[in-house]
Amino acid sequence: MLRAAWKSLLGRKLRLILSTFAIVLGVAFVAGTLVFTDTLSRSFTAIFASSVGDVVVAPKGADGSDSAPTTRSLPASLVDTLASAPGAARADGNLTSMGVFVVDEHNKLVGGNGPPGIALNYTTAPAGHGLEGLTIIAGDPPRGPDEVAMDIDTATTAGYHVGDTVKLVASGERAVLRPKLVGLADFAGGGSTNGATLTIFDTPTAQSLFLQGKDRFTDAWVTARPGVSQADLRDQVRALLPDGYTAVTGDRAAEDAASDVLQAISFISRFLLIFAGISLVVGSFLIVNTFSILVAQRSRELALLRALGASRRQVTRSVMFEAVVLGFLGATIGLALGVLLAIGIRALFASFGLDLSGQPLIFRPRTFVASYAVGIVVTTVAAYLPARRAARIAPVSAMRDETAMSESSLRRRMVTGLAMLAGGVALMVTGLFADVPQPGYWVGGGILAALLGAAAASPVVSKPFLSVASVVYQRLFGAIGRLAGENSLRNPRRTAATASALMIGLALVSTMAIVGASSKASIDKTVADNFQGDLVISNVVGERFSPSIGDRIARVDGVASVTRIRSVRTTVAGDDTGLMAVDPANLTRSVRVSMVEGSATDLRRGTVLVTEQRATRDHLQVGDRVSMAMPDGARTYEVAGIIADNNPVLYSAFTTTLDTLTEAGFQPADNLLLVNETAGSDSRQVKAAVEAATADLPTVTVKDQEGYAAEQRGQFNQLLFLVYALLGLALLIAVLGIVNTLALSVIERTREVGLLRAIGLSRPQLRRMVRLESIVIAVLGALLGVAMGVVFGIALMASLRDEGLEVTVVPTVQLGAVVLGAAALGVLAAVFPARRAARLDVLRAIADD
């Protein structure tokens, strides 16, 4: 039986290639994602391992969870005290500030699209375990207020050389710096910055720029003497620390820092693995169809084996053996393709600023195990039902050349499909509207169950459509159309299964089309309804910027007021939450603030406004007090008012004043500026003047309301295009499924094709017949997919109303284009099978068994 299975495989090489392709793409996604995420993890782990000392000392609450700059620091005198620890070889003070970016010689920002811009003071402190950290490899260390060093990758990208005057933009009091580049730095151990930009100043200059000239540091490294462990040195250091400071081992500090970063970007692996799952689900339809057709084609061969003594179990095992070989081959090719995909993903993220080119790809055992497990398990599971049907072939009926495979009960499939559809809807409703943990998993599981239920019921649902299509074909194309229509109706399960693969991809595309159109319409409505200012100033990379920029704009002729918006993270009752700060004197000029209780003008120093949703959750009312963990310690604030939910500016749970935020230990840095013009001024002239005032700041953009809405839509479009591109691979598998089904169907009907050719059917007519069959499959899949996508999209938007997405739009033109595009794909999918059918030799085809 094994020998017969091997001969069956080797005798159908084309079928093997087409069937393997579905597994190849799914496994490639899995392997590429795992290789990329492991590479990413290793890279960040290596960076942080060479960026900490043996023991790290820092003030408690020095950094917000979103790296908002704070005034928390430690005095230089404490560094001297730390050096006196018995096991300490030395102690060094470090100063780190975020939001300092390099501008190249063409006034373009270097990096910043994700990776941070980091400013450091220069020290020669070794990293933990004696590792050599950032080192000057060319030129000299910076000395004095007009000198700077930077990492070599940033300098190369910006086109700067030692001796050049460079341009920096910062979030501190000075927005623009123009020091001389005196040195280039790199990690001695061959590490990489992963796209982050590093600028290095001498200690007095860094303190002047980022700590108001105070002789203080953001943290300190304590280096261990030989033979002293990090844990022992930590305990010695802790004994020297006053209240308000923490000491951790370098290993723990590196682990925590890497863990925080990897947790923040873990969505990348989940995002890619979701699409790997979609590709595998779509591919499984192709495999089921392929093995169903092949078992039907080999019914006489399998019956002969039964007649010669093969048991049902042996027949099943022979088909499953073919599936295992197919899965192994697909997993092997997919694994190789996954390496190329990981390289492509790395290049894609490099274009967004996350540059991993300095880190070799990491291949962990789990990548190989997962790839082969996915490839073999998916293939064997998909082939199981066709294999069981093969075992039921009666030797006598097959030897009589009767129909080898009877269709499953359509009624049973309909009941099963409707049950799965109902279960899927129940799961979606629960995830969308009920308070359950991990609602995304509920919704995702519901969508999958609904799609599989629709696929199961599709042979029954599709019969009316196929019947109508047959009649339409006959009227439009005569006898050729009638043949194409009857061929589609001959095996509705096969036709519907092939269409279902396309249905899944197009259902998700249609869902995203509705989400995209609705989100963009909601953005436009929100901006129009709530923004009362004339201009919006923001940072192109979403970072904070210097408050001096607002001072510049306030001095422009025609500007009546500038409203500053700042955003940080804090902790309330153990819950990480957002906190915004505004200037209450100008707020209502620029933003329409709908209040549930109290007034926006009641906001003053030491008070907060709370969103309605948060107030309901925490049972807060006007006059209550809220305790927040701030850099300078816990603070308690009075609730001055409750804001209606979904305000586009005051979107955080809590809002306070600028002074309150500064007093709590956060450094002044703006996230957004809203500008109001004086009455009667020329809007175009005012905008031009503001743009001129910020022309030397490539990090800052000036927009009117329409431009701001367009900018928000653009950010969403980038995500949408990426989703469409990934879904395109699932659609590619579905189209290959149509090609595969038609090609195998032509082989199955070889004698029929020969007879048609013998009685006068021309080759062009035969090709047209196959094309029409392909079109009806593609259009059926498109109609089912669009219908389900519309339902999913509307339900999803209904669940997002409380998040501010209040407008639901069904883009009928776009969805119509999807159906027409599917018909075009059907024409393309039929090219190869139609050519193959037309080239069959008539006499040999008639003689085929």
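Look up a bit, the structure's there.
Residue numbers run consecutively from 1 along every chain, following the written order of its sequence. Local features in this predicted model are restricted to residues whose pLDDT is 70 or higher, and side-chain atom pairs enter the listing and the counts only when it is 80 or higher, whereas totals over whole chains, interfaces and linings include all residues. To get the side-chain values, take all heavy atoms of the structure and skip hydrogens and water.

Quick word on the overall build of the protein chain
Here is step 1 of the chain: A helix here means a DSSP run of H or I that spans at least four residues, while a strand means a run of E at least two residues long, and both kinds are numbered starting from the N terminus. When helices and strands are tallied, the protein chain shows 27 helices and 25 strands.
Here is step 2 of the chain: Out of the 849 residues belonging to the protein chain, those deemed buried represent 52%.
Here is step 3 of the chain: Calculation of accessible area relied on Shrake-Rupley with a 1.4 Å probe; when residues are assessed, cover is drawn exclusively from the protein chains displayed. Counting only carbon and sulfur atoms, one obtains 57% of the accessible surface of the protein chain, whose full area is about 36600 Å². Buried residues are those whose accessible area, probed at 1.4 Å on protein chains only, stays under 20% of the maximum for their type, while exposed residues exceed 50% and partly exposed ones sit between those limits.

Quick look at the sheet that holds strand 15 (residues 245–249)
Here is step 1 of the chain: The strand order across the open sheet formed by four strands is 3-14-1-15, and the pairing between neighbours is antiparallel. This sheet does not close on itself; its edge strands, each paired only once, are strand 3 (88–94) and strand 15. Neighbour-to-neighbour, the strand axes of this sheet turn through a mean angle of 20 degrees, independent of strand direction.
Here is step 2 of the chain: By the convention used here, strands pair only if DSSP detects at least 2 bridges between them. The pairing of strand 3 with strand 14 (residues 219–224) spans six bridges and is classified as antiparallel. Bridge pairing links Asp92 to Trp221 in strand 14.
Here is step 3 of the chain: By definition in these notes, contact holds between two residues if any of their heavy atoms fall within 4.5 Å. Axis definition: a line fitted to C-alpha atoms, over the contacting stretch in the case of helices. Angles run 0 to 180 degrees between N-to-C directions. Against the sheet, helix 6 (residues 230–238) touches strand 1 (55–59), strand 3, strand 14 and strand 15, its axis set at about 170 degrees to strand 15.

Here we look at the pattern of salt bridges
Here is step 1 of the chain: The term salt bridge refers to a pairing of a side-chain nitrogen on Lys or Arg with a carboxyl oxygen on Asp or Glu at a separation within 4 Å. Applying the stated criterion across every chain, the model contains 20 salt bridges.
Here is step 2 of the chain: Of the charged contacts in the structure, one is a salt bridge between Arg364 and Asp38, with a shortest N-O distance of 3.4 Å. With Arg364 in the loop between helix 10 (312–351) and helix 11 (365–391) and Asp38 in helix 2 (residues 13–49), this residue pair connects regions lying 326 residues apart in the sequence.
Here is step 3 of the chain: Asp38 gets classed as buried once you look at its relative accessible area, which sits at 4%.
Here is step 4 of the chain: As a salt-bridge pair, Asp670 and Arg564 come within 2.8 Å of each other at their nearest N and O atoms. Here Arg564 lies in strand 17 (residues 559–572) and Asp670 lies in the loop between helix 20 (658–663) and strand 24 (672–677), a separation of 106 residues in the sequence.

As for the side chain of Ser538
Here is step 1 of the chain: Tracing the sequence through the fold places Ser538 in strand 16 (residues 535–539).
Here is step 2 of the chain: Within the local environment of Ser538, its side chain forms a polar contact with the side chain of Glu711, the two groups lying 3.5 Å apart.
Here is step 3 of the chain: Beyond its immediate stretch of four places on either side in the chain, Ser538 contacts Phe545, Asn671, Leu672, Thr699, Val700, Thr701, Lys703 and Glu711. Each polar contact in these results corresponds to two N or O atoms within 3.5 Å; when the atoms are within protein, one needs to be able to donate a hydrogen and the other to accept it, and residues that are neighboring in sequence are counted only if both atoms are side-chain atoms.

As for the sheet that holds strand 7 (residues 134–139)
Here is step 1 of the chain: With mixed pairing, six strands are arranged side by side in an open sheet as 4-6-12-8-11-7. Looking at the sheet topology across the chains shown, the edges are occupied by strand 4 (96–98) and strand 7. On average, each strand axis in the sheet is tilted by 30 degrees relative to the strand beside it, whichever way the strands run.
Here is step 2 of the chain: Bridge count between strand 8 (residues 147–151) and strand 12 (residues 197–201): two bridges; the pairing is antiparallel.

With respect to the environment of Asp841
Here is step 1 of the chain: Locating Asp841 in the fold gives a position in the loop between helix 26 (831–838) and helix 27 (842–846).
Here is step 2 of the chain: For Asp841 and Thr750, which are 91 residues apart along the polypeptide, the C-alpha to C-alpha distance reads 9.7 Å.

Section: the nonpolar core
Here is step 1 of the chain: What we call a nonpolar core is a set of buried Ala, Val, Leu, Ile, Met, Phe, Trp, Tyr and Cys residues that are connected through their side-chain atoms within 4.5 Å. Counting 99 residues, the largest nonpolar core has Val282, Leu451, Leu502, Met503 and Met788 as its most contacted members.
Here is step 2 of the chain: Examining the composition of this core, we find that 13 residues originate from one element, helix 24 (residues 763–799), more than from any other.
Here is step 3 of the chain: Apart from the residues within four sequence positions on either side, Val282 is in contact with Ala501, Ile504, Ala730, Ile733 and Ala734.
Here is step 4 of the chain: Core analysis: the second largest hydrophobic core is formed by 22 residues, Ala175, Val562, Val675 and Ala693 among them.

Notes on a positive patch on the surface
Here is step 1 of the chain: A contiguous patch of positive charge, built from Arg312, Arg388, Arg392 and Arg412, is present on the exposed surface.
Here is step 2 of the chain: Secondary-structure assignment places Arg412 in helix 13 (residues 410–433). Put simply, a patch holds well-exposed residues, over 30% relative accessible area, that have no salt bridge, with like charges counted together within 9 Å and Val, Leu, Ile, Met, Phe, Trp or Tyr side chains within 5 Å. The charge count treats Lys and Arg as positive and Asp and Glu as negative. His and the chain ends do not count. Working definition for charges: the position is that of NZ of Lys, CZ of Arg, CG of Asp or CD of Glu.

A closer look at the packing of aromatic side chains
Here is step 1 of the chain: Classification of ring pairs rests on two measures: the distance between centres of Phe, Tyr or Trp rings, Trp counted by its six-membered ring, which must be within 6.5 Å, and the angle between planes, read as stacked under 30 degrees, edge-to-face over 60 and tilted in between. Counted according to the given criterion, the structure contains four aromatic pairs.
Here is step 2 of the chain: For the ring pair Phe201 and Phe210, a centre distance of 6.1 Å and an interplane angle of 70 degrees mean the geometry is edge-to-face. The exposure classification of Phe201 matches that of Phe210, with both residues buried.

A look at a nonpolar patch on the surface
Here is step 1 of the chain: Judged by side-chain polarity, Val468, Val472, Leu476 and Phe477 come together as a nonpolar surface patch covering roughly 360 Å² of accessible area.
Here is step 2 of the chain: Tracing the sequence through the fold places Leu476 in helix 14 (residues 439–477).

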